[in-house]
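# Understanding the architecture of this molecule
Residues per chain, in single letters:
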Amino acid sequence: MVDGDPAVESQLEGFSLWFPLPYRVGFIVTLAVWGWALNLHYLYAVNIDVPSLIRYPGRSSPHHLPHHHSTYRLALALSALFATSITFFWLWTWGSPDRVIGNDWMPFAYLVLLISFFVVPLRSFPSGGRTRFWATLRRICIGGLAEAQDGKFGDVLLADVLTSYAKVGGDIFVALCMFFQAGGSSLKRPDRSCGGTVIVPLIMAIPSMIRLRQCLIEYLRVRRAPYKESTGWGGQNLANALKYSTAFPIIITSALQRNAEDETSKRAINRLWLLAVLVHSLYSFYWDVTKDWDLTLFSKDRSLGSFPWGLRPRLVFRQANLYYAVIVLDLFLRCTWAMKLSVHLDKFTDFEGGIFFIELLEVFRRWVWIFFRVETEWIRNTSTGLGVDDILLGDIQGKDDDDD
């Protein structure tokens, strides 16, 4: 509950008053860098060479610090920037709605500084990582895909991560759109129709479009390959493309629900939305387990006896119960949309705090997913020696019989 001018209060809710949209975006971006640092650190500790998998230049000397150290440094710098900016914002506005609206330049300035950390060369931070990141981002933004020897797995990994940040990308556009609107402010209640009813859904669809095009590129490469018996005819690439295409009906029906004019239309669209999210969630969960992690839970080989039930012969992380827990967690987090079906939680997902919480859950799910996706890629490379990766390997499950 906020106190002050009623005309101002109607534009804010308590959560946005203390944690405006630009800061929420910055918090998630900072959290993502921390997550990547932890990914690199732990995988390094279990002797998985992530830089070699993504074809990133290794350290020239064994005395040089591992890559995760520089990532931690960037995360610390971003955390210091976030903490300084939001603390100053709180002290300056002190929860007064009119002061919050009147000082929207402060969160906007923070967003500019945040972007500069990734764009502007800074002497205190090595530029190689950021240069490689932007080069990869430019390539995948048009759906491009490097050859395997040039870092294809890194392209696929980054593009997959972007699908989990689709809502964050939409929020960035909304914050900028509201700031530059005549008489607008990036600190008002987020208007997710800012700029029109199509732009935000389109932005949210871009990561899935990127992965869809990558899958089609890979399919064409397989079709041109001289040894079809070793690579197959490319059907798995088309199946993966289909998985990403299932995201589009969700985005479309969500936008239609938001703009429906009567209850009858809204109910009909809601049924279509429910069908779309059910198909997408279950299909994606199946793909996570069977294709991205090469587990045998949904395979006839799941109980061969030479490895834990439903898993695979080689487990870098050792503990079988950890894999079972992650499978359950992935299914649960893939189905967070089910909160909308609860009479107690349906309204929660419409509040800004609820939307932010759902975004955090998806970021957490992707962070966990990365550990097992990279582990799978490492096993594929070290087991076969062929350097194959991503969606070409659905048929190798159960072929490895050596243990880590």
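As a starting point, this report considers the structure included with it. (Residues numbered from 1 in each chain as written. Predicted model: local features only at pLDDT ≥ 70, side-chain atom pairs only at ≥ 80, totals over all residues. Heavy atoms only, no water.)

### Here's the deal with unusual backbone geometry
We count it as follows: Strands here mean DSSP runs of E at least two residues long; helices mean DSSP runs of H or I at least four residues long; both are numbered from the N terminus.
With a phi close to 55°, Asp294 is a non-glycine residue in the positive phi region. Mapped onto the secondary structure, Asp294 falls in the loop between α15 (263-292) and α16 (320-334). Within the chain, Arg318 stands out as a residue other than glycine whose phi angle is a positive 70°. Relative to the helices and strands, Arg318 resides in the loop between α15 and α16.

### As for the nonpolar core
Cut-off, in case you're wondering: Remark: nonpolar core denotes a set of buried residues (Ala, Val, Leu, Ile, Met, Phe, Trp, Tyr, Cys) joined through side-chain atoms within 4.5 Å. Partly exposed residues are those whose accessible area sits between 20% and 50% of the maximum for their type, while under 20% is buried and over 50% is exposed, using a 1.4 Å probe and protein chains only. Any two residues whose heavy atoms approach within 4.5 Å at even a single point are treated as in contact.
Counting 55 residues, the largest nonpolar core has Ile48, Phe372 and Val374 as the members making the most contacts within it. When residues of this core are traced back to their parent elements, those giving at least two are α3 (21-45), α4 (50-53), α5 (67-93), α7 (105-119), α9 (152-164), α15, α16 and α17 (352-384). Here this core gets 10 residues from one element, more than from any other, and that element is α17. When neighbours within four sequence positions are excluded, Phe372 is seen to be in contact with Asp292, Trp293, Arg312, Phe317, Leu322, Tyr323 and Val326. Leu21, Ala175, Cys177 and Val200 belong to the second largest nonpolar core, which has 7 residues in total.

### Focus: helix α11 (residues 199-224)
How we decide: One less than the number of residues in a helix, times 1.5 Å, gives the span that helix is expected to have. Throughout, bend refers to the angle between the axes fitted to the seven residues that end at a position and the seven residues that start at it.
The end-to-end C-alpha distance of α11, which contains 26 residues, comes to 37 Å, matching closely the 38 Å that a straight helix rising 1.5 Å per residue would cover. Along α11, the sharpest kink reaches roughly 35°, centred on Ile206 and followed within four residues by the proline Pro207.

By themselves, these are just geometric observations and shouldn't be taken as functional.
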